[in-house]
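Geometric and topological summary
Single-letter residue listing:
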Amino acid sequence: MRNALLVAGREIGSYGRSLLGWAIGAAALLVEGVWFSANGLSGSRMSADVLREFFNGASGVTMIVAVLMSIPLLAGERERGTLVLLNTAPIRDVEIIVGKYLAALAMVALITLVSVYMPLLIFVNGKVSLGHVAVGYTGIVLLGSAALAIGMFTSAVSRSQVMAAILGGLLLAVMVTLWLVAKVTEPPVNGVLSGMALHHQRQFPFMTGVLKLENVVYYVAVTYFFLLAATKTLEARRWR
């Protein structure tokens, strides 16, 4: 665990020195602000509906941010030739993956939490439960964690950052749109596909302030699966 934390500290420092990390964060907050202004502050709506709509837009932004943050973690190192240094260091592949994941998750969570002032603006002319706000942000962070793990897997299997971005975007799109496929299939297949979708059925309860253990377990399971896949990919590449 100590080695994983060392890798995480190295990556966080890298994000801090990188213009890309700051640019992604600024762009995410800008998009979320525009979304909130356009869909939340226009017209007469219930405060809970405004908050739900904010989380709907923020969840989409967070997924994209997570994938973008994950692209350089392995594919970028491979392009620069620095992944060899990690592979020859006295550190296990799982510690590399976990360390990089923790660093990226910290950045995604930071970008997400900085936007908290937007839901708080609802209290100016309305009223919502702080529990609703907390549950909504919990769902977004869990969603970001799963999207980040997906991006790390595609970064692990890709030789370049461009390929990692393309594969990450495609895999994320497939995971998100499974609920659309479920609409044209018959039971029990449609229930399985809808339950596997990264957004929609799994994220909507968080948006409305409802915390369900099954949805938390789902996002943790997706994160674990793709991090494990990334680790096994890194192990396989080490011995090529």
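Presented here is a report on the structure given in the accompanying data block. (Residues numbered from 1 in each chain as written. Predicted model: local features only at pLDDT ≥ 70, side-chain atom pairs only at ≥ 80, totals over all residues. Heavy atoms only, no water.)

The biggest cluster of nonpolar side chains holds 45 residues, and the ones touching the most others in it are V65, M69, L172, L198 and Y219. Of all the elements in the fold, those that place two or more residues in this core are helix 1 (2-17), helix 2 (19-39), helix 3 (47-80), helix 5 (93-114), helix 8 (130-157), helix 9 (161-176) and helix 13 (213-238). A per-element tally of this core places helix 8 first, with ten residues. Ignoring anything within four residues of it in the chain, the contact list for Y219 reads L142, L143, A146, L198, H199, R202, Q203 and F206. Counting 13 residues, the second largest nonpolar core, distinct from the first, contains F54, A58, M118 and I122. (Core = buried A, V, L, I, M, F, W, Y, C linked by side-chain atoms within 4.5 Å. Buried < 20%, exposed > 50% of the residue type's maximum accessible area, 1.4 Å probe, protein only. Helix = DSSP H or I, 4+ residues; strand = E, 2+ residues; numbered from the N terminus. Contact = heavy atoms within 4.5 Å.)

What follows concerns unusual backbone geometry. In the Ramachandran plot, H200 falls in the positive-phi region, its phi being about 50 degrees despite a non-glycine side chain. Secondary-structure assignment places H200 in the loop between helix 11 (189-196) and helix 12 (204-207).

Moving on: the packing of helix 3 against helix 9. At a minimum axis separation of 9 Å, helix 3 and helix 9 run at an interaxial angle of 145 degrees. As for how helix 3 packs across helix 9, the hand of that crossing is right-handed. Residues M63, V67, I71, P72, A75, G76 and E79 of helix 3 lie in contact with helix 9, whose contacting residues are Q161, A164, A165, G168, G169, L172 and V176. Its residues assigned to classes, the contact of helix 3 with helix 9 shows nine nonpolar, four polar and one charged. (Axes fitted to C-alpha atoms, helices over the stretch in contact; angles between N-to-C directions. Left-handed = near helix turned anticlockwise from the far one by under 90°. Nonpolar A, V, L, I, M, F, W, Y, C, P; charged D, E, K, R; others polar.)

Time to look at the environment of V94. Summarising the element assignment, V94 is placed in helix 5. Overall, the relative accessible area of 32% leaves V94 in the partly exposed class. In this structure the C-alpha to C-alpha distance between V94 and A156, which are 62 residues apart in sequence, comes to 12 Å.

All chains considered together, the criterion is met by eight aromatic pairs. Ring centres of F225 and F226 lie 5.1 Å apart, and the angle between their planes is 85 degrees; on these two criteria the pair is classed as edge-to-face. Members of the aromatic cluster, each reached through a chain of ring pairs, are F36, F54, F55 and Y137. Over the ring of Y218 we find R202; its NZ or CZ atom is 4.7 Å from the centre of that ring. (Phe/Tyr/Trp six-rings, centres within 6.5 Å; stacked < 30°, edge-to-face > 60°. Lys NZ or Arg CZ within 6 Å of the ring centre and 35° of its normal.)

This brings us to the side chain of T223. Relative to the assigned elements, T223 resides in helix 13. Looking at T223, its side chain comes within polar contact range of the main-chain oxygen of Y219, at 2.9 Å. Sequence-distant contacts of T223, defined by excluding residues within four places in its chain, comprise Y101, S145, A146 and A149. (Polar contact = N/O pair within 3.5 Å; in protein donor to acceptor, adjacent residues only side chain to side chain.)

This part covers the layout of surface pockets. Taken as a whole, the largest pocket holds about 280 Å³ of empty space. In terms of lining, the largest pocket is formed by 17 residues, of which the most central are E11, S14, Y15, P72 and R80. Sorting the residues of the lining of the largest pocket by element identifies helix 1, helix 2 and helix 3 as the ones contributing at least two each. Sort the elements by how many residues they give to the lining of the largest pocket and helix 3 lands first, with six residues. (1 Å grid on protein atoms, 1.4 Å probe; cavity = no way out; pocket = protein on both sides within 12 Å on 5 of 7 lines; lining within 4 Å. Points joined across faces, edges and corners; volume = space filled by probe spheres on them.)

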